[in-house]
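Close look at the chain arrangement
Spelled out from the first residue to the last, the chains are:
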Amino acid sequence: MKTDEYPALSGSKSDRLWEASPTPISRCQLSCFSRRSVLGVGDASHKILLAASLAVGLLAAAQAVADESAPPTYKNPIVTTGNPADPHVIRVDDTYYLYATTHGRGYDVLTSQDLVHWKNKGSAFDDPRGGAWAPDVFHNVRGDGKFYLYYTDNDPAHDEGGARKQIGVAVADSPRGPFVDKAVLAPGSIDAHLFQDDDGQLYLYYVEILDGFKIYGQQMSDPVTPEGERVLLIQPTEPWEMASGHVTEGPFVLKHDGRYYLMFSGSGADSRHYAIGYATSKSPLGPFEKYAKNPIVSQSETLFGPGHHCVVATPEGKLWMIYHQKHDGEINWRRFLAIDPLWFDDDGVLHGKVTRGTDEPAP
């Protein structure tokens, strides 16, 4: 018998229950029960079966409503295509824009409304020199309104197998580019990050790699022009920073309650030991004191090499860390992108967590 052979009586409860119930109760079942009741041929067993069926349907409908109202979740990884690493994210209006190390020929831009689901919108910057790493994008809201891309790529003057790098800057009218190259800012260096203080002053942080991986700070008179002398801020001194190579890299600066937090990654990025710590100062150019309990996030039995991050705030003011992890604990460059929360406690201590493969409350 077809399930719609005996349609329910027009306007009957069975018709409304069918529309509300997600359970596999056919219209035939409901209409047959209704017709038996109307014709006076139903018996107690039919009524009991109908009541049981309707109860199951109502419970399932209630569960469906509960599922719809449940808070959203995310599960790392969030982006895997192209072995992405070294992410930087900015928020413009109601959209997040993500740039990362991927194919090395420049940078694609990905967009999202929720920090979890990302769409690749194509190339934002084409780099003929190759070796494009670790992008950082600054929106000059208090200036010309343009977007400035601080890139790391191969230095043609010192192209020793791609090991020699340089930092430059490019500019665009849109976060989607295309970015146009403007200037080289620091030879023999990687991992630039531009920070703007409350008074509008700009500071460029980057890593010189000529003799160990050291983090420098440089005051800027505008987004493309250095001003004054650079200052050495951080270098490898702690065991966790030297577990695989002598590395302090990936700088990112936060300001909280008048104090500057210089976050950085330590140890080799190709190893499971890669991790994140921070140092604090009363001045954007130091001196910085490393947090005694560094690193604040690091590897576990099932999670490897979390590091090289950025931080973005949601409209509600919550901080989220976008970073990369390694697929496994071996020495390689197989990585993916992840997000997890970051927060300050009442004493001004910065905390973070890293997750993989578990359902977590979404931004």
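Scope of this entry: the structure provided in the associated data block.

This part covers the layout of surface pockets. Approximately 770 Å³ is the volume found for the largest pocket. What lines the largest pocket is a set of 23 residues, among which Ile 90, Phe 195, Phe 252, Val 311 and Val 312 lie closest to the centre. When contributions to the lining of the largest pocket are tallied by element, the ones reaching two or more residues are strand E2 (85-92), strand E6 (133-139), strand E10 (189-196), strand E15 (248-256) and strand E19 (304-313). The class makeup of the residues in the lining of the largest pocket is 15 nonpolar, 4 polar and 4 charged. Of the pockets and cavities examined, the second largest pocket occupies roughly 360 Å³. Considering the residues around the second largest pocket, the lining is formed by 23 residues, among which Asp 86, Trp 133, Ala 269, Trp 333 and Arg 335 are closest to the centre. Mapped onto the lining of the second largest pocket, the elements with two or more residues apiece are E6 and E10. Here the lining of the second largest pocket is built from residues that sort into 9 nonpolar, 9 polar and 5 charged.

Right, let's get into the sheet that holds strand E18 (residues 289-290). If you trace the 4 strands from one edge of the open sheet to the other, you get E15-E16-E17-E18, paired in antiparallel fashion. Each edge of the sheet is formed by a strand with only one pairing partner; in this case those strands are E15 and E18. Here strand E17 (residues 275-281) runs beside E18; their pairing, made up of 2 bridges, is antiparallel. By the bridge assignment, Ala 279 is partnered in E18 with Lys 290.

If you trace the 4 strands from one edge of the open sheet to the other, you get E2-E3-E4-E5, paired in antiparallel fashion. Lying at the two open borders of the sheet, with one neighbouring strand each, are E2 and strand E5 (119-126). The mean inter-strand angle of the sheet, taken between neighbouring strand axes irrespective of direction, is 25 degrees. For E2 and strand E3 (residues 95-101), the ladder comprises 6 bridges, and the chain directions are antiparallel. When the sheet's bridge partners are listed, Val 92 is paired in E3 with Thr 95.

Within this structure, the stated rule accounts for 11 salt bridges. Between Arg 129 and Asp 127 there is a salt bridge, and its shortest N-O distance comes to 3.6 Å. Relative accessible area serves as the criterion here: at 26%, Arg 129 is assigned to the partly exposed category. Across the pair Glu 241 and Lys 290 runs a salt bridge whose closest N-O atoms are separated by 2.9 Å. Taken together, the residues span a long stretch of sequence, with Glu 241 in the loop between strand E14 (231-234) and E15 and Lys 290 in strand E18 at a distance of 49 residues. One connected set of salt bridges, linked through shared partners, spans Asp 127, Arg 129, Asp 153 and Asp 181.

Reading guide: rules and limits
- Residues numbered from 1 in each chain as written.
- Predicted model: local features only at pLDDT ≥ 70, side-chain atom pairs only at ≥ 80, totals over all residues.
- Heavy atoms only, no water.
- 1 Å grid on protein atoms, 1.4 Å probe; cavity = no way out; pocket = protein on both sides within 12 Å on 5 of 7 lines; lining within 4 Å.
- Points joined across faces, edges and corners; volume = space filled by probe spheres on them.
- Helix = DSSP H or I, 4+ residues; strand = E, 2+ residues; numbered from the N terminus.
- Nonpolar A, V, L, I, M, F, W, Y, C, P; charged D, E, K, R; others polar.
- Pairing = 2+ DSSP bridges.
- Axes fitted to C-alpha atoms, helices over the stretch in contact; angles between N-to-C directions.
- Salt bridge = Lys/Arg side-chain N within 4 Å of Asp/Glu carboxyl O.
- Buried < 20%, exposed > 50% of the residue type's maximum accessible area, 1.4 Å probe, protein only.

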